[in-house]
Amino acid sequence: MNRGVWSTLFVLAAVLCALLPARAAAETTGNIELDCSKLDCKGVLPGAVRFDVVKGARYRRGVDAAGKEVGWVVLSTDVVDIKGYSGKPLVTLVGLTPQGVISGAKVIAHSEPILLVGIPERKLHEFVGFYAGKSATQKIVVGSSREPDAVTVDMISGATVTVLAENRTILDTARTLGSEVGVVKLDELFPGHFVKEDRPWTWAEMTSKGVFGRLTVSERDMGLEADGTFIDLWFTIADAPQVGRALLGDREYAYRVSQLKEGEHMLVILGNGSSSFKGSAFVRGGIFDRVRVDQGLRNTMFTDHEFINMSGVAANGAPEFKESAGFIVRAGRLDPGAPFDLVFLGSHYNHRGGFSRDFRATRATFQLPSSVYVSEHKVDASTAIWRAAWDNHRLTASLVSAYLLFVALLFAGRRWLTANMARLKVLHLVVLTTSFLGLGIWLRAQPSVTQVLTLAGSAVGHWRWGLFLSEPLLFVSWIFIAVVTIAWGRGVFCGWVCPYGAMTELAHKLGRLLKLPNFELPERVHRPARYLRYVVLAALLGTFLYSSELGEKMAEVEPFKSTFYVLPWTRQWFFFAWWAVLLGASFVWWRPFCRYLCPLGAALALPSSFRISGPHRRAFCSSCTICTRGCEPRAIDKDGAIDSRDCLSCMECEANYRDQQVCPPLIGIERLLQKGEPDEERLAKLRQDATTVRRPRPRDAT
């Protein structure tokens, strides 16, 4: 690898490492609390004049002037954990009436990039306003639906993931709140059943099937100067006989199941470590103060009335546990088909005198596997968003896939593609036009550096496949980009498929037809200017890792949103001016943004240094300038080598390589062979010049 690639990678890695701590710090800020003196609670619950705090609850009770209860309000982030496209939740205030009707909803805060600098926020507020007056149990689908009982709400074009996430946020918040206050029955809304087998499972079977959640806290996590385990908890819901009999034994399980009332469940906790999950409060007052179960708004603590004594684990092959216990979760407190948290409150003496102790709460989220519990209709929120997106884009995703496959097949059969220069130019023009009008104007499927930034953020944070699956057209496009970049370099995408790149190249072709001037930078300026795009990429990456919102705003150096998502003249003047300058320059300057500024192109140029198959070259290319003069991206060096990071795969040089009326050694060979007695020495020299060599190497930085 040459020093140009190494230096670029070094800059990117240094920025990444330096800003990881800053990113972690930035992500911990901005928590919003439910305070109706500061938030518009009256706006989402009309008729309420006062909002009372309910002891032990995270919602507020709204009452009218006569003191009559008119409903409740809650913040979505206190109930559900649904991420938007930014990887952060859309903080939404939701109101609910005693009839189980959503009285209103309002987005309090968000970090969605398309709404920060693109689509007007009023579009999101109009979308949220649709839910007022709808039942919390109503099935509401974004986009189209074939389900007869579903109500549909229009998509916001260009903000697919955002509105899908907001739909789930409002509905799941309202349903959880309704369940907590008793106006929505989740077991009726999301029915399910335990899978039952007569044979008790072995410990190995249970662990392999994912029956247990696990919460582990080290002594160092608790601030102790020791390397041991403070607590190690295994937990599950043991209603299913194959699990309950394995943990409790046949007789104890049969007795406990016979005592369960409708809607009640058995939670089993097994523990090891230097601490205890039972705690001393159980002995003093019959309260288990060290463990509780959280699910949405519901917090369940246990007393000796819910306690099931366990002397050990009956399962075959089970390890030894220091302590074990079962607890009855009362009716309406736990939905076994949804994720729930086991929370452990640990403490230790802090040596500050008296009975002073430090407390730390740790939680682990768990959901029963389908081998134990089957939800008949409920879909996990994290998968519901991307599944809904694919349902809405099934046809267009198929069309885009077929089109990209066609382009890939052109390059796979490039011997045919480049056998005729006229054919090559016509097909290139057709693909450019289709990419601009079809992918860009119609489908708005313009890949962006923001997806690269999101990938980097996920790599150093929490990886979420659902985020990448939630934009079907872009997901398909990025699979294509990954494959063709490895095979043939960035040029297949940048030079043929990129909608914005296609637009600027078409604009330049129009400028030639109109006989407009043609501008180019002198070589001494062009060569270092090519590396400006890597500086832009490094700056965006560092900024994004520090603050995703700021990074998304700075990514507006790409004029893609103004071109395909929002009418440029409806935006702030500086966005419009930047878009207009770049477009105007494209008529007289071949792809100025793509060659010098595009951070997406920079991100794709780095792996292009290792492309498997570049354009074919001949030994004679080191002394010929025919292709060099015609190379618009100026990717061919004086010695005939092609810089794979600059090459946009127009393939005209390879068409010249095959053309016996253009390539000098081929012309010479043909002329000599037409003579009856050719000069053998001259013919051997020409054949040596015509020998194929591999020279698509990147140039050294200078």
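Residues numbered from 1 in each chain as written. Predicted model: local features only at pLDDT ≥ 70, side-chain atom pairs only at ≥ 80, totals over all residues. Heavy atoms only, no water.

This part covers the overall build of the protein. Per the secondary structure count, the protein includes 30 helices and 20 strands. In the protein, which comprises 702 residues, the proportion classed as buried is 52%. Look at the contacts in the protein between residues 6 or more apart in sequence, and 70% of them connect residues 24 or more apart. Taken as a whole, the protein presents about 32,300 Å² of accessible surface, with 57% of it coming from carbon and sulfur. (Helix = DSSP H or I, 4+ residues; strand = E, 2+ residues; numbered from the N terminus. Buried < 20%, exposed > 50% of the residue type's maximum accessible area, 1.4 Å probe, protein only. Contact = heavy atoms within 4.5 Å. Areas by Shrake-Rupley, 256 points an atom, 1.4 Å probe, with all protein chains shown as cover.)

Viewed as axis vectors pointing N to C, helix α12 (residues 394-412) and helix α17 (residues 472-488) meet at an angle of 10°, and their least axial separation amounts to 9 Å. Regarding the angle of α12 to α17, the classification is roughly parallel. Mapping the contact onto sequence places T396, A397, V400, S401, L404, V407, A408, F411 and A412 in α12 and P472, L473, V476, S477, F480 and W488 in α17. Of the residues belonging to the contact of α12 with α17, the class tally is twelve nonpolar, three polar and no charged. (Axes fitted to C-alpha atoms, helices over the stretch in contact; angles between N-to-C directions. Parallel < 35°, antiparallel > 145°, perpendicular 65-115°, else oblique. Nonpolar A, V, L, I, M, F, W, Y, C, P; charged D, E, K, R; others polar.)

Covalent bonding between the sulfur atoms of two cysteines defines a disulfide. What the rule picks out here adds up to one disulfide. Residue pairing for C36: its cysteine sulfur links by disulfide to C41, the two sulfurs lying 2.2 Å apart. Across the disulfide from C36 to C41, rotation about the S-S bond amounts to roughly -80°, and the bridge is consequently left-handed. Among the cysteines around C653, which has no disulfide bond, C627 carries the closest sulfur, lying 5.5 Å off. (Disulfide = S-S within 2.5 Å.)

Take the sheet that holds strand β5 (residues 102-109) next. Overall, antiparallel pairing links the five strands, which are arranged β1-β2-β3-β4-β5 in an open sheet. Pairing within the sheet leaves two strands with one partner each, and these edge strands are β1 (50-53) and β5. Each strand of the sheet is rotated relative to its neighbour by a mean of 25°, with strand direction disregarded. Pairing geometry for β1 and strand β2 (residues 60-63), over four bridges, is antiparallel. (Pairing = 2+ DSSP bridges.)

The next point concerns the sheet that holds strand β9 (residues 213-218). Strand order in this open sheet of five strands is β9-β10-β11-β15-β14, and the pairing throughout is antiparallel. Lying at the two open borders of the sheet, with one neighbouring strand each, are β9 and β14 (307-309). Each strand of the sheet is rotated relative to its neighbour by a mean of 25°, with strand direction disregarded. With three bridges connecting them, β14 and strand β15 (residues 323-329) associate as antiparallel partners. Each residue of the ladder has a partner; that of I308, found in β15, is G326. On top of the sheet, helix α9 (residues 250-259) reaches β11 (265-272) and β14; it is set at about 160° to β14, its chief contact.

Here the structure, examined in full by the defined rule, presents 29 aromatic pairs. Three or more aromatic residues joined by ring pairs make a cluster, and in this case those are W203, F212, W234 and F321. Geometry around F130 places K134 over its ring, the cationic atom sitting 4.1 Å from the centre. A cation over an aromatic ring shows up here: R618 above the ring of Y657, its NZ or CZ 3.8 Å from the ring centre. (Phe/Tyr/Trp six-rings, centres within 6.5 Å; stacked < 30°, edge-to-face > 60°. Lys NZ or Arg CZ within 6 Å of the ring centre and 35° of its normal.)

Most of strand β10 (residues 229-237) sits inside the fold, with eight of its nine residues counted as buried. Where β9 lies against β10, six bridges are found, and the strand directions are antiparallel. Looking at β10, one finds that T216 is bridged to D232.

Now for a nonpolar patch on the surface. Judged by side-chain polarity, L510, L513, L514 and L516 come together as a nonpolar surface patch covering roughly 390 Å² of accessible area. The topology assignment puts L513 in helix α19 (residues 499-513). (Patch = residues over 30% accessible without salt bridge, like charges linked within 9 Å, V, L, I, M, F, W, Y side chains within 5 Å. Salt bridge = Lys/Arg side-chain N within 4 Å of Asp/Glu carboxyl O.)

A few words now on the confidence of the model for the protein. Here the protein averages 85 in pLDDT, and 86% of its residues register 70 or above. Across residues 1-12 the pLDDT falls below 50, and counting only partners more than four positions away or on other chains, this stretch makes 22 contacts in the model. Confidence over residues 698-702 falls short of pLDDT 50; this stretch has 26 contacts with residues more than four positions distant or in other chains. (pLDDT = per-residue confidence, 0-100.)

With that out of the way, let us pick up the environment of S623. One can find S623 in the loop between β19 (617-618) and α27 (626-630). With 17 residues separating them along the chain, S623 and G640 place their C-alpha atoms 7.3 Å apart.

Another aspect to go through is the nonpolar core. Note that soluble globular proteins tend to have their nonpolar side chains buried in a common cluster. Counting 72 residues, the largest nonpolar core has F480, F493, W496, V497 and Y500 as the members making the most contacts within it. For this core, the leading source of residues is α12, giving eight residues. The residues touching V497, leaving out its near neighbours within four places in the chain, are L404, V407, S435, L439, F480 and V492. Listed in part, the 50 residues of the second largest apolar core include V217, L267, F307 and M310. (Core = buried A, V, L, I, M, F, W, Y, C linked by side-chain atoms within 4.5 Å.)

To continue, consider the pattern of salt bridges. In this structure the tally under the stated criterion is 31 salt bridges. Residue D40 is joined to K106 by a salt bridge in which the shortest nitrogen-to-oxygen separation is 3.7 Å. Separated by 66 residues along the polypeptide, D40 in the loop between α1 (3-27) and α2 (41-44) and K106 in strand β5 bring together distant segments of the chain. Take D40: its relative accessible area is 35%, and that puts it in the partly exposed class. Here R658 makes a salt bridge to E654, at a shortest N to O gap of 2.9 Å. A residue pair is termed a helical-turn pair when its members lie 3 or 4 positions apart in one helix, as R658 and E654 do in helix α28 (residues 652-658) at four residues. Through salt bridges with shared partners, a single network forms among E520, E523, R527, R595 and R634.

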